[in-house]
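Take a look at the letters that make up each chain.
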Amino acid sequence: MNSDNLLALGRLVDQRHLQPALGWRRGFENRLSHLLSQRRLPEQGWSEPELELLIRELALLDMNNANSGSCIGVGEREGRVVCPLVYRRHFGLAHGIGRSGDVTAGQPKAAGSSVINSLTNSLLGDWLRQFGCPKAAKCAVLIPVATGMALCLCLLSLRSSRPSNAKLVLWPRIDQKSCFKAIITAGFTPVPIEPLLDGDQLVTDVTAVRSLIEQHGPDSIVAVMTTTSCFAPRVPDRLADVAKLCAEFGLPHIVNNAYGVQASRCMNLINDASTKGRLDLFVQSCDKNLLVPVGGAVIAGPDAAVVSRVAATYPGRASASPSTDALLTLLHLGRSGFARLLDQRAAAYTRLRDGLASLAGRHSDCVRLLDTGKNPISLALCLRGSGSSSGGSDPGRLGAALFRRGCSGARVVAGDDKRVSIEGYEFQGYGAHQTAYPFAPYLNAAAGLGMSETEVDSFLVVLDSLLTKEFRQREIDSHVADADEQGDNDYSKDQLTEDLG
Ligand SMILES: *Cc1c(COP(=O)(O)O)cnc(C)c1O
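Being a predicted model, the structure only gives us computed values, none of them experimental.

Visitor: So what's going on with the site of the ligand? Which residues, and what values?
Guide: By nearness alone, every residue bordering the ligand is listed as Ala146, Thr147, Gly148, Ile174, Gln176, Ser178, Cys179, Ser229, Asn256, Ala258, Tyr259 and Lys288. In the environment of the ligand, an oxygen atom lies 2.9 Å from a nitrogen or oxygen atom belonging to the side chain of threonine 147. One nitrogen or oxygen atom from the side chain of asparagine 256 is found 2.9 Å from a nitrogen atom belonging to the ligand. In isolation the ligand has 380 Å² of accessible area, and contact with the protein removes 82% of it. Where the shell around the ligand is concerned, the elements lending two or more residues are helix H6 (147-158) and helix H7 (177-185).

Written as structure tokens, this is what we have:
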């Protein structure tokens, strides 16, 4: 209702009774006009009724919603939705985003969806700039695919600007399959670069990056792809050093910042790299950084033309859902809401790290907390302590036991010398980011965005009880082994378990 109609209501009810609603409405209109003129992340989050009103109004700009009665669809893509539940799930936003040639282009039939797409991209750029990348995030676009596929599109968008024989992607090794497959799917050849051991941590071998560039020649290389957020004991790559090499040799530099927006350290590395050297594009996941369902990735960079080329590489239209989810979430949180989430996450990390350290102190015979202070999100607990030989028990059992007790996301890395083949490439010690990481097996746990104190505490309680059992199991195993050696087999393992249990 516009303000004239709202005032006209005063003829139907006592004018004074309308005051609260009129005040709310004025506030909403002010926030909306501020949003549309600034296209920046608001300081304070919006309420649910405000979000609902906004999305309904925008949906009514699409022809399949407002004009559906008088709409004469004679095309093959008319935004028709037959199931009412599906229609409601999308607020009637059925046309998607983009046109045949460009995922950022507006659609004549869907002004509302187009507004959502463009407004979301503006807010995402502002979000990245406000949270650590004032220089690197000149421009951002949401592509409705997850991170691996978005990295693939970034690589493909570079093809036309590289020499025709450029096929190699230099890639400091990170044992995560989707970013590796992004290179393969783009039709390029990955050149994994083993990390260096620095204390317990795995860091970028910058010297190897340089010698590989010199060995193969810059013209045979499409790009260098580095990573910020990763599982400990690997730590974020030395982005500025790699960026300087990329500037020196004229090579594109893509950064996999999968869940890096949640840690200022990752964002600072990106911004720093873009000021000290060359950084073309950095990619982050919507679900990991914004707490929305899986489906979108944000591609950003310091040069708007380079970012736009990625959007133009995407063939055809795309789902509007990830943009709608991101828009509503950014407005729901506001700058202050996201800052609160970051603070909460940092506190969860400290709590988890300190909790694991004290637990490791209590179980020092079977575990040790690895010193991976440069990784701001993920922690690793070496499953070998001072007292034991690590033999006897299977580390994978601990991962399975954690899962059975409701802990998801914890992962046990065996790091043995077994070879794993991915798309025809052989990796030794797969999972540990290095051929022979000396402190495997280990257990990973991460403090991700949205993690609560209760989750940290419950995880520590479960892990503590499992390690206590584990210790007992090792005693049992060694008793049995002794008994076997002595040829004394009639004292069965089960009996012993009962005795000790
Ligand atoms: C999540 C993640 C990816 C991408 O996975 P998607 O399922 O494609 O989002 C890539 N690299 C790292 C380090 C990740 O954490």
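Still to come is the rest of the account.
Visitor: Quick rundown of the pairing of strand S7 (residues 253-256)? Include the residues and the values.
Guide: The two faces of S7 match: His253 and Val255 on one face and Ile254 and Asn256 on the other face are all buried. Two strands pair when backbone bridges link them, and strand S6 (residues 221-227) and S7 are joined in this way by four bridges, in the parallel orientation. Looking at S7, one finds that valine 224 is bridged to histidine 253. Regarding the hand of the β-α-β motif, the stretch spanning S6, helix H9 (residues 239-249) and S7 is right-handed. Taken together, S7, helix H10 (residues 264-276) and strand S8 (residues 281-285) form a β-α-β motif whose crossover is right-handed.

Visitor: A description of the pattern of salt bridges should follow, citing residues and the corresponding values.
Guide: Under the criterion given, the structure shown has 22 salt bridges. For the salt bridge of glutamate 50 with arginine 31, the shortest nitrogen-to-oxygen distance reads 3.0 Å. Taken as a pair, glutamate 50 in helix H3 (residues 48-59) and arginine 31 in helix H2 (residues 19-38) lie far apart in primary sequence, 19 residues in all. Residue classification places arginine 31 among the partly exposed residues on the basis of a relative accessible area of 28%. One salt bridge connects arginine 335 with glutamate 43, and the closest N-O pair in it is separated by 2.8 Å. With a gap of 292 residues between them, arginine 335 in helix H13 (residues 321-362) and glutamate 43 in the loop between H2 and H3 connect regions that are remote in the sequence. Judged by its relative accessible area of 40%, glutamate 43 falls in the partly exposed class. Linked through salt bridges whose partners overlap, the residues forming this network are Arg173, Asp175 and Glu194.

Visitor: Summarise the environment of alanine 347; cite the residues concerned and give the values.
Guide: Within the secondary structure, alanine 347 is located in helix H13. Taking the C-alpha atoms as reference points, alanine 347 and glutamate 453, separated by 106 residues in sequence, lie 8.2 Å from one another.

Visitor: Let's hear about the packing of H6 against H7: which residues, and what values?
Guide: Packed helices, taken two at a time, are described by the angle their axes make and the gap between the axes. Direction vectors running N to C along H6 and H7 enclose 35 degrees, while the axes themselves pass 8 Å from each other. In this structure, H6 crosses over H7, and the sense of that crossing is right-handed. For the pair H6 and H7, the contacting residues are Gly148, Leu151, Cys152 and Leu155 in the first and Ser178, Cys179, Ala182, Ile183 and Thr185 in the second. Its residues assigned to classes, the contact of H6 with H7 comprises six nonpolar, three polar and no charged.

Visitor: Any chance you could break down the sheet that holds strand S15 (residues 442-446) for me, citing the residues and the numbers?
Guide: Within the open sheet, the four strands sit side by side as S10-S11-S15-S12. Their pairing is antiparallel. At either margin of the open sheet sits one strand with a lone partner, and together these are strand S10 (368-369) and strand S12 (411-413). The pairing of S12 with S15 spans three bridges and is classified as antiparallel. In the strand pairing of S15, valine 413 is matched with tyrosine 442. Sheet strands touched by H13: S10, strand S11 (378-382) and S15. Its angle to S11, the strand with the most contacts, is close to 5 degrees.

Visitor: A description of the environment of leucine 466 should follow, citing residues and the corresponding values.
Guide: Residue position: leucine 466 is located in helix H15 (residues 453-485). Taking the C-alpha atoms as reference points, leucine 466 and alanine 401, separated by 65 residues in sequence, lie 7.7 Å from one another. Apart from residues no more than four positions distant in its own chain, leucine 466 is found in contact with Leu398, Ala401, Leu402 and Arg405.

Visitor: Summarise the nonpolar core; cite the residues concerned and give the values.
Guide: Burial of nonpolar side chains together is a common tendency in soluble globular proteins. With 48 residues, the main nonpolar core has Trp127, Leu128, Phe282 and Phe338 as its most contacted residues. Examining the composition of this core, we find that ten residues originate from one element, H13, more than from any other. Ignoring sequence-local partners within four residues, the contact set of leucine 128 consists of Cys133, Ala137, Ala140, Val261, Met267, Phe282, Gln284, Val298 and Ala300. Counting 41 residues, the second largest nonpolar core, distinct from the first, contains Val141, Val169, Ile299 and Ala318.

Visitor: Now, about the confidence of the model for the protein: what can you tell me, with residues and values included?
Guide: Scored by pLDDT, the protein comes out at a mean of 91, with 93% of its residues at no less than 70. Taken together, the stretch residues 488-493 has pLDDT below 50 and engages in nine contacts with residues farther than four places along the chain or on a different chain.

Visitor: Let's hear about the side chain of glutamine 107: which residues, and what values?
Guide: Structurally, the position occupied by glutamine 107 is in the loop between helix H4 (84-89) and helix H5 (111-130). Among the polar contacts made by the side chain of glutamine 107, one reaches the main-chain carbonyl oxygen of histidine 95 at a distance of 3.1 Å. A distance of 3.2 Å separates a polar atom in the side chain of glutamine 107 from the backbone oxygen of glycine 96. Aside from chain neighbours lying at most four places away, what touches glutamine 107 is His95, Gly96, Ile97, Gly98, Arg99 and Ser114.

Visitor: Can you lay out the domain arrangement of the protein for me, pointing to particular residues and giving the numbers?
Guide: If you check the domain split of the protein, you get domain 1 (3-93), domain 2 (111-336) and domain 3 (340-500). Relative placement of domain 1 and domain 2: their C-alpha centres are 35 Å apart. The interface of domain 1 with domain 2 comprises 21 residues on the first partner and 23 residues on the second. Of the roughly 2000 Å² buried where domain 1 meets domain 2, counting both sides, 64% is carbon and sulfur surface. Of all residues in domain 1, Arg39, Leu41 and Glu43 give up the largest surface area on contact with domain 2, accounting jointly for 30% of the area buried on that side. Counting across the interface, domain 1 meets domain 2 through two salt bridges. Across the pair arginine 40 and aspartate 126 runs a salt bridge whose closest N-O atoms are separated by 3.3 Å. Sorting the residues of the side of domain 1 that touches domain 2 by element identifies H2 and H3 as the ones contributing at least two each.

Visitor: Before we move on, could you go through the packing of H9 against H10 and cite the residues and values that matter?
Guide: Axis separation between H9 and H10 bottoms out at 8 Å; the angle between their running directions is 25 degrees. Of the possible angle classes, the one that applies to H9 and H10 is roughly parallel. Crossing geometry of H9 relative to H10 is assigned as right-handed. Counting all contacts with H9, which are made through Leu239, Ala240, Ala243 and Lys244, the residues of H10 involved are Leu269, Ile270, Asp272, Ala273 and Lys276. Of the residues in the contact of H9 with H10, the class split is six nonpolar, no polar and three charged.

Calculation rules
- Chains are numbered independently. Their residues run from 1 in the order of the written sequence.
- Since the coordinates come from a predicted model, pLDDT governs what is reported: local features require at least 70, and pairs of side-chain atoms require 80 or more to be given and counted, while whole-chain, interface and lining totals use all residues.
- Derived side-chain values reflect all non-hydrogen atoms in the structure, with water molecules and hydrogen atoms excluded from consideration.
- By convention in these notes, a residue is near a molecule or strand provided one of its non-hydrogen atoms lies within 4 Å of it.
- N or O atoms within 3.5 Å of each other form a polar contact, as long as, within protein, one can give a hydrogen and the other can take it, and as long as residues adjacent in sequence are counted only when both atoms are side-chain atoms.
- Areas reported as accessible are Shrake-Rupley estimates using a 1.4 Å probe. Residue values count occlusion only from the protein chains shown.
- Comment: elements are numbered from the N terminus, with helices defined as DSSP H or I runs of at least four residues and strands as E runs of at least two.
- A simple rule labels every residue: compare its accessible area, found with a 1.4 Å probe on the protein chains alone, to the largest value its type can have, and call it buried under 20%, exposed over 50%, or partly exposed in between.
- DSSP calls a pair of strands paired once it identifies at least 2 bridges connecting them.
- We call a crossover right-handed when, viewed with both strands directed away from the observer, the connection leading from the first strand over the helix to the second proceeds clockwise.
- One side-chain nitrogen of Lys or Arg within 4 Å of one carboxyl oxygen of Asp or Glu is enough to make a salt bridge.
- Note on definitions: angles span 0 to 180 degrees between N-to-C directions of axes, and those axes are lines fitted to C-alpha atoms, for helices only across the stretch in contact.
- Working rule for handedness: look at the near helix, and if it is turned counterclockwise from the far one by less than a right angle, call the crossing left-handed; if clockwise, right-handed.
- Whether two residues are in contact is decided by their heavy atoms, any of which lying within 4.5 Å being enough.
- When residues are grouped by polarity, Ala, Val, Leu, Ile, Met, Phe, Trp, Tyr, Cys and Pro land in nonpolar, Asp, Glu, Lys and Arg in charged, and all others, Gly among them, in polar.
- As used here, the term nonpolar core means buried Ala, Val, Leu, Ile, Met, Phe, Trp, Tyr and Cys residues forming a set that is joined through side-chain atoms within 4.5 Å.
- A residue's pLDDT is simply how confident the predictor is in it, with values from 0 to 100.
- Segmentation of the chain into domains, including their bounds, is taken from an automatic or database domain assignment.
- A quick way to say it: buried area is the sum, across both parts, of accessible area lost when two parts are put together, with a 1.4 Å probe.
- Reported orientations rely on four angle classes, namely roughly parallel under 35 degrees, roughly antiparallel over 145, roughly perpendicular from 65 to 115, and oblique for the rest.

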